[in-house]
Structure formats: structure tokens, C-alpha cells
Amino acid sequence: MDNRPIGVFDSGLGGISTLRQAIKALPNESFLYYGDCINAPYGGKSEAELRVLTHAACAKLVDNGAKALLIACNTTVVAVGDELREAFDVPIVGIKPPVEFASKTPGEGLVLVMATQTTTRLLLERAKSEGRLWPERAVPIPCPGEMVARVERGMFERGDYDDLFHELFAPYAAKAVDAIVLGCTHYPFIQEEVFRYAKENFQGDPLFFDGGMFAVEELKNTLNSKGLQSETGVSSTTFMTSGDYERMKALFDLLLNVHVPMRGIAL
């Protein structure tokens, strides 16, 4: 048994969507969340930049007593996840876009895979280098960093993202879409806007998927197998950031408690 907190890391505040799932699945655990908000978004950064930033962030969490790390940043995990596991002595679990899982959705429509530009590029490169076939119905949608930036600014009004959606989704207007993968932890917070746009512009009623439920289940199994579960049952969540603490803490509290409708996505 181990009463130390679980460290949760994201480039900003998007990882709260995964933290929410972890709190629900592990109600006896405490969490230490670190958002590298001053350097967000990570989606357009090089692997060299990501390596420096993520090592520093993980070291901060470990130095503050984290017994395990949940990397709630798809870009980080896809780019340097294996390196992080080798660099630190604590167990590390990371989130990835569940492209193959979503591609098993019944129907013949498209599966749109929304992810940052870096995540999209690396997913395609690694599938090719490993000899894996990218699912034929899965369409990569590399999203600009502005989408993450708007979430970080607390923009959640109707229509706040329509200009970005139109640019990204225009080639698929009126086509059948069965599923949408939210391949960045910021995106679940604008899921309702994505769903509204999809209903107005695509055929079908798409289900939504992110990798949070898979990562949290792996984390739960890892804690159990290594005897790291908390024995007190006294849970708490502590927030840390590289950015403006007062402003980001207010947004952290909002996102941690905001109701996010479920449309085929576990939150």
C-alpha cells in the first residue's frame, strides 16, 4: 500500500479530461496535477523540444512525491513515451488515440481522427515504419494549436470553434461519419461543439472516443500489480502549473467540475 499521490501531466489543462476519469475509477487515490501551461500547446513542437519539456515536467512530479505518473498528453506519449518510462523509476502510463478501437465501430462511414499536428504525423510515420496498416476508414485530421489555445483561454461558447471546424472538416461535408476520435485531451471539453457541427454537416450520429478510459484502466491495473494502492481512502487533488497560477487554477476548477455530456466517450 502506498499513500503517495499519482502524478498527472499534460501540456496544459486538457489532461483534466483524463484526470476526471481517474478520480472516478480510483476514488481512494490522491492526485497531483501538473499543467505546463506556459509552454502549451505541445502539438506543433519538435520531438527534441518535447523531450526537454516532458522530462522536466515528470521530474517535477516525481520530486513532489508522485508514486506513479499518468501522462495525459497524446502528443507526449506518442513522441517520447518510451523514453520517459526508461528515464524514471516510477511506473508511467500514457494516453494514446484509440484509432484501431474506434475503427471497429459498426457501419461503413468514416472515422475522423482529430489530433495535434505532431501526434498525427507520428502516428502515421510509426504505423508505416512498424508495417501496420492504418485503418482504411480512419481519416487523420491534424488540428492547429489554436484549438488547444482556445480551450486554455476558457472559450466554450456556441460557435467558438466553427471557423476551425469548417477548415478541417469541409472536405468531408455530407459524408457518412460513424465515429470521431478525440486524440488530444483538450478536445473532450469541446465535444458538444464538435457533435453539433457534425450533426449539421455530416451524415449519421457519430460516437466519440478518446484514450482516457484505456489509460486509466492500465493505471488501475499497474497500481494493483505493484502494490501501490492507497490504504487510507482519503483522496485529494493538488494543482501545479508553469503558468499564471491564479488564472489557471480558476480554469482548472471549472474544467474539473463542468458537466461534459457522454456520447460514446467515458469521462
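Residues numbered from 1 in each chain as written. Predicted model: local features only at pLDDT ≥ 70, side-chain atom pairs only at ≥ 80, totals over all residues. Heavy atoms only, no water.

Asker: Can you walk me through the side chain of Asp 10 in this structure?
Answerer: Summarising the element assignment, Asp 10 is placed in strand β1 (residues 6–10). As a buried residue without a salt bridge, Asp 10 has its nearest oppositely charged side chain in Lys 45, at a separation of 12 Å. Here Gly 15 takes part through its backbone nitrogen, which lies 2.9 Å from a polar atom of the side chain of Asp 10. Contact partners of Asp 10, with chain neighbours within four places excluded, come to Gly 15, Tyr 33, Tyr 34, Gly 35, Asp 36, Ala 72, Cys 73, Thr 185 and His 186. (Helix = DSSP H or I, 4+ residues; strand = E, 2+ residues; numbered from the N terminus. Buried < 20%, exposed > 50% of the residue type's maximum accessible area, 1.4 Å probe, protein only. Lys, Arg positive; Asp, Glu negative; His and termini not counted. Salt bridge = Lys/Arg side-chain N within 4 Å of Asp/Glu carboxyl O. Polar contact = N/O pair within 3.5 Å; in protein donor to acceptor, adjacent residues only side chain to side chain. Contact = heavy atoms within 4.5 Å.)

Asker: Just checking my understanding: could you explain the pattern of salt bridges for this structure?
Answerer: Two side chains of opposite charge can pair, provided their charged atoms sit close to one another. Taken as a whole and assessed by the stated rule, the structure comprises 17 salt bridges. Residue Asp 163 is joined to Arg 150 by a salt bridge in which the shortest nitrogen-to-oxygen separation is 2.8 Å. Note that Asp 163 is positioned in helix α7 (residues 162–169) and Arg 150 in helix α6 (residues 145–152), a separation of 13 residues in sequence. Judged by its relative accessible area of 44%, Asp 163 falls in the partly exposed class. Given a relative accessible area of 11%, Arg 150 falls into the buried group. With its nearest N and O atoms 3.6 Å apart, the salt bridge here joins Glu 200 to Arg 158. You can see Glu 200 sitting in helix α8 (residues 191–201) and its partner Arg 158 sitting in the loop between α6 and α7, a full 42 residues away along the chain. Taking the relative accessible area as the measure of exposure, Arg 158 reaches 62% and is therefore exposed.

Asker: What is the right way to look at the sheet that holds strand β7 (residues 177–182) in this model?
Answerer: The strands that make up a sheet are held in pairs by hydrogen bonds between backbone atoms, and each pair lies either parallel or antiparallel. Across the sheet, which stays open at both edges, the four strands sit in the order β6-β5-β7-β8 with parallel pairing between neighbours. The strands lining the two open edges of the sheet, one partner per strand, are β6 (138–143) and β8 (207–209). Looking at each pair of strands side by side, their axes are set apart by 20° on average, direction ignored. Bridging between β7 and β8 involves three bridges; their strand directions are parallel. Looking at β8, one finds that Ala 179 is bridged to Leu 207. (Pairing = 2+ DSSP bridges. Axes fitted to C-alpha atoms, helices over the stretch in contact; angles between N-to-C directions.)

Asker: Got a minute to help me understand helix α10 (residues 245–257) in this structure?
Answerer: Since there are 3.6 residues in each turn of an α-helix, residues three or four apart along the chain are aligned in direction. Over its 13 residues, α10 runs 18 Å from end to end, which matches the ideal 18 Å to within 8%, given 1.5 Å per residue. Among the residues of α10, Met 248, Leu 251, Phe 252 and Leu 255 are the ones counted as buried. Down the axis of α10, the buried set is contained in an arc of 110°. They therefore lie on one face. Across from the buried face of α10, at angles greater than 90 degrees, the exposed residues are Glu 246 and Asn 257. The backbone nitrogen of Glu 246 lies 3.3 Å from a side-chain oxygen of the residue at the head of α10, namely Asp 244. (Expected span 1.5 Å × (residues − 1). Arc of directions from axis to C-beta.)

Asker: In this structure, what is going on with the packing of aromatic side chains? I would like to understand it.
Answerer: Between two aromatic rings, the relevant description is the distance of the centres plus the angle of the planes. Under the defined criterion, the tally for this structure stands at 14 aromatic pairs. Between the aromatic rings of Phe 101 and Phe 214, the centroid separation amounts to 5.0 Å while the plane-to-plane angle is 75°, which identifies the pairing as edge-to-face. Here Phe 101, found in helix α4 (residues 99–102), pairs with Phe 214, found in helix α9 (residues 212–225); they are 113 residues apart in sequence, far enough to count as distant. The class of Phe 214 is partly exposed, set by a relative accessible area of 34%. (Phe/Tyr/Trp six-rings, centres within 6.5 Å; stacked < 30°, edge-to-face > 60°.)

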